[in-house]
Amino acid sequence: MDIELISLEEAEAAGKFEELVLLEQSPGFYPEFEVFIRKEMDVRAGQLLFRGPSGLAYSVSPVKDNSRGLQGIGINVRKNSDSPVDPTKIDLDLWSFIEWLVDQVGGEWSKEALRKTGAIYKAPGAPERD
Amino acid sequence: MKVDKQEIQIPNAVREIYPFESRWMDVQGYRMHYLDEGERSGAPTVVLLHGNPTWSFLYREVIPLIRSCRAVAPDYLGMGLSDKPADERFYTLENHTRVITEFIERLGIRNIILVVQDWGGPIGLGYAQAHPGNVAGILIMNTWAWPDPSDFHDAVAPWRMLHAPFAGANFFLRQNVLVERGLYLATFRSRHRLKGGPVLEGYRLPFPSVESRIAMLAFPRNIPRRDGDLNWERMRQMEKGLSRLTLPCSLLWGEKDIVFPPSNAHRFQKLIPDCSAPRMIHDGAHFIQEDAPEEIAEEILKLCARTGQRSN
């Protein structure tokens with residue numbers, strides 16, 4: 001299932017609250033990932049917004065901490081209340097986002113490699129292992 | 001720095017198979033958990049170093065078999081019941097080695113027998129090379145000590161994808177796959193115990209939350225692949241230093257390990273001057289402490305005898 005990139009208006013309509021669901025402290029561990037994400041954020045006014053297959057909306061943006069400065073890049077789910085969101089929906093949406101990401105980064109990184117890895121480790125969203 | 005200091009209660013089912021007294025030491029301003037079991041007076045001191053994603057629990061079946069020795073098993077910061085700083089950058093090989101060095105010095109233990117596996121290898125060998133006078137012997141199991149760990153580590157799938165940006169945060173932090181699935185995949189004889197029940201519960205225990213799993217993700221990101229990577233030069237120097245290790249060394253290897261295959265054992269044997277031929281465990285894999293605790297205990301006691309240290 002694919003993600004859909006959305007506008008700020010669409011993300012805001014999805015909810016005014018945000019909950020951090022994934023924090024990547026080392027987006028540049030393989031530099032091509034950070035280069036791609038930052039480029040995408042730059043052309044979209046600082047944050048990347050997407051809708052997952054579940055219909056939930058997400059923002060991808062830098063996470064800053066007063067004492068430490070930049071902590072990494074976080075993925076936040078947008079919601080209308082403080083109540084928790086079904087984690088299985090988030091798991092599947094994050095999987096779709098990561099599939100999209102590795103496909104966009106390209107080169108040696110591919111959806112197939114991600115799916116193979118996910119299948120071996122039985123990650124939610126990954127196909128069943130043959 | 002934010003620290004995950006969650007008090008972890010050991011449930012009865014885990015306590016039954018890990019019936020040891022928890023001990024604590026402040027190191028670098030953090031609380032470090034360790035075990036200190038067995039004979040004290042005049043017995044050799046064995047320091048048991050774990051890897052990723054494990055903790056002193058890994059040695060629970062070895063410790064009772066070497067009661068004639070003093071057995072010390074620390075949990076690295078970020079692992080086991082020790083404090084878990086929240087900054088991934090804290091967890092470098094250099095810092096883990098520094099913490100273990102301070103731990104050994106503060107405990108005041110001398111002429112130790114080091115037992116290392118997985119990340120215990122680079123951490124323990126780093127200690128041994130810097131403090132050769134304090135190490136009487138070393139048992140090396142399923143690990144590495146050079147910049148190119150094995151072919152497994154070069155492949156995109158599964159290894160490099162597993163800890164790639166965002167994918168790694170999902171696999172390690174959100175899904176905890178190294179505990180939930182990695183332990184099962186990396187054992188052989190005892191694999192059935194890693195599907196569920198108290199053994200898996202014991203490995204899950206220290207990592208109940210995303211915040212508690214950061215060190216696990218940092219470990220693979222400390223493995224260098226090419227010149228210029230973090231730890232490349234450190235591991236290169238470590239490999240060169242193996243030929244200067246004059247202490248008695250034994251090798252015990254799970255033959256079915258694809259992460260650190262038997263060729264690594266033979267490489268150690270070639271590089272370390274006083275190293276016996278590797279003893280292969282045919283139905284053992286990476287987590288040999290799960291697969292072959294009796295054989296590990298045998299090798300420790302033999303090494304004690306070889307180093308002239310008498311176990312009571």
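Shown above is the structure to which this text applies.
All of the points below concern the structure found in this document. (Residues numbered from 1 in each chain as written. Chains lettered and ligands numbered in written order. Predicted model: local features only at pLDDT ≥ 70, side-chain atom pairs only at ≥ 80, totals over all residues.)

Of regular secondary structure, chain A possesses 4 helices and 5 strands. For chain A, the succession of helices and strands along the chain, N to C, is β-α-β-α-β-β-β-α-α. For a compact globule of 130 residues, the expected C-alpha radius of gyration is about 14 Å, and chain A comes in at 15 Å, within 12% of that figure. Taken along its principal axes, the extent of the C-alpha atoms in chain A is 40 × 30 × 25 Å. (Helix = DSSP H or I, 4+ residues; strand = E, 2+ residues; numbered from the N terminus. Rg over C-alpha atoms; globule rule 2.2 N^0.38 Å.)

Within chain B one finds 12 helices and 10 strands. A principal-axis box enclosing the C-alpha atoms of chain B has dimensions of 50 × 45 × 40 Å.

Ranked by size, the top nonpolar core spans 130 residues in total, and within it Val46(B), Leu48(B), Leu114(B), Val115(B) and Ile300(B) carry the most contacts. Ranked by residue count, the leading element in this core is helix α3 (residues 87-105) of chain A, at 8 residues. Here Leu114(B) is in contact with Val47(B), Leu49(B), Gly124(B), Ala128(B), Val135(B) and Ile138(B), once residues within four sequence places are set aside. (Core = buried A, V, L, I, M, F, W, Y, C linked by C-beta atoms within 7 Å. Buried ≥ 20, exposed ≤ 12 C-beta atoms within 10 Å, placed from the backbone. Contact = placed C-beta atoms within 7 Å.)

All names here are of chain B. Running from N to C, helix α3 (residues 120-130) and helix α9 (residues 232-242) point in directions that differ by 60°, and their axes come no closer than 10 Å. Our classification of the angle between α3 and α9 gives oblique. For the pair α3 and α9, the sense of crossing is left-handed. Touching Pro122, Leu125, Gly126 and Gln129 of α3 are Met235, Met238 and Gly241, all from α9. Taken together, the residues of the contact of α3 with α9 sort by class into 4 nonpolar, 3 polar and no charged. (Axes fitted to C-alpha atoms, helices over the stretch in contact; angles between N-to-C directions. Parallel < 35°, antiparallel > 145°, perpendicular 65-115°, else oblique. Left-handed = near helix turned anticlockwise from the far one by under 90°. Nonpolar A, V, L, I, M, F, W, Y, C, P; charged D, E, K, R; others polar.)

A few words on helix α12 (residues 293-306) of chain B. Residues and elements named next belong to chain B. In a regular helix each residue adds 1.5 Å, so 14 residues correspond to 20 Å; α12 covers 20 Å between its end C-alpha atoms and thus fits that length. Burial in α12 covers these residues: Pro293, Ile296, Ala297, Glu299, Ile300, Leu303 and Cys304. Considered in projection along α12, the buried side chains sweep an arc of 165° and stay on one side of the axis. On its buried side, α12 packs onto β4 (45-49), β7 (112-117), β8 (135-141), β9 (249-254), β10 (279-281) and α11 (288-291). Looking at the residues trailing α12, positive phi occurs at Gly308, about 80°. (Expected span 1.5 Å × (residues − 1). Arc of directions from axis to C-beta.)

On to the sheet that holds β7(B), then. Residue and element names in this part refer to chain B. An order of β2-β3-β5-β4-β7-β8-β9-β10 is seen for the 8 strands of this open sheet, with the pairing classed as mixed. Every interior strand has two partners, whereas the edge strands, β2 (23-27) and β10, have only one. Looking at each pair of strands side by side, their axes are set apart by 25° on average, direction ignored. Of the strand pairs in this sheet, β7 and β8 are connected by 6 bridges, and their pairing is parallel. Its bridge partner lying in β8, Leu114 is registered against Ile138. Together, β8, β9 and β10 form the strand contacts of helix α10 (residues 262-271), whose direction differs from that of β9 by roughly 170°. (Pairing = 2+ DSSP bridges.)

This part covers unusual backbone geometry. All names here are of chain B. With omega at 10°, the peptide bond leading from Asn52 into Pro53 counts as cis. Among the secondary structure elements, Pro53 is positioned in the loop between β4 and β5 (70-74). Geometrically, the link from Ala157 to Pro158 is a cis peptide bond, its omega value of 0° lying close to zero. With respect to the secondary-structure elements, Pro158 resides in helix α4 (residues 156-162).

All names here are of chain A. Here we have 5 strands laid out as an open sheet, ordered β1-β3-β4-β5-β2, and antiparallel in their pairing. Edge positions in the sheet fall to β1 (4-5) and β2 (17-24), since each of these pairs with one other strand and no more. Two strands pair when backbone bridges link them, and strand β4 (residues 57-65) and strand β5 (residues 69-79) are joined in this way by 8 bridges, in the antiparallel orientation. Looking at the pairing, Tyr58 lines up with Val77 of β5.

A few words on α10(B). All names here are of chain B. Those residues of α10 that sit buried are Asn264, Ala265 and Phe268. Looking straight down α10, one finds that the buried residues subtend no more than 105° of arc, so they occupy a single side. Exposed and oriented more than 90 degrees from the buried face of α10 are Ser263 and Lys270.

All names here are of chain A. Here Leu92 shows up in helix α3. Taking the C-alpha atoms as reference points, Leu92 and Pro124, separated by 32 residues in sequence, lie 6.3 Å from one another. Setting aside chain neighbours within four positions, we find Leu92 in contact with Pro53, Ser54, Pro124 and Gly125.

The interface is formed by 20 residues belonging to chain B together with 26 residues belonging to chain A. The set of elements that each furnish at least two residues to the side of chain B that touches chain A consists of α4, α5 (167-174) and α6 (177-185) of chain B. Looking at the side of chain B that touches chain A, its residues break down into 12 nonpolar, 3 polar and 5 charged.

All we've got here are geometric facts, nothing functional implied.
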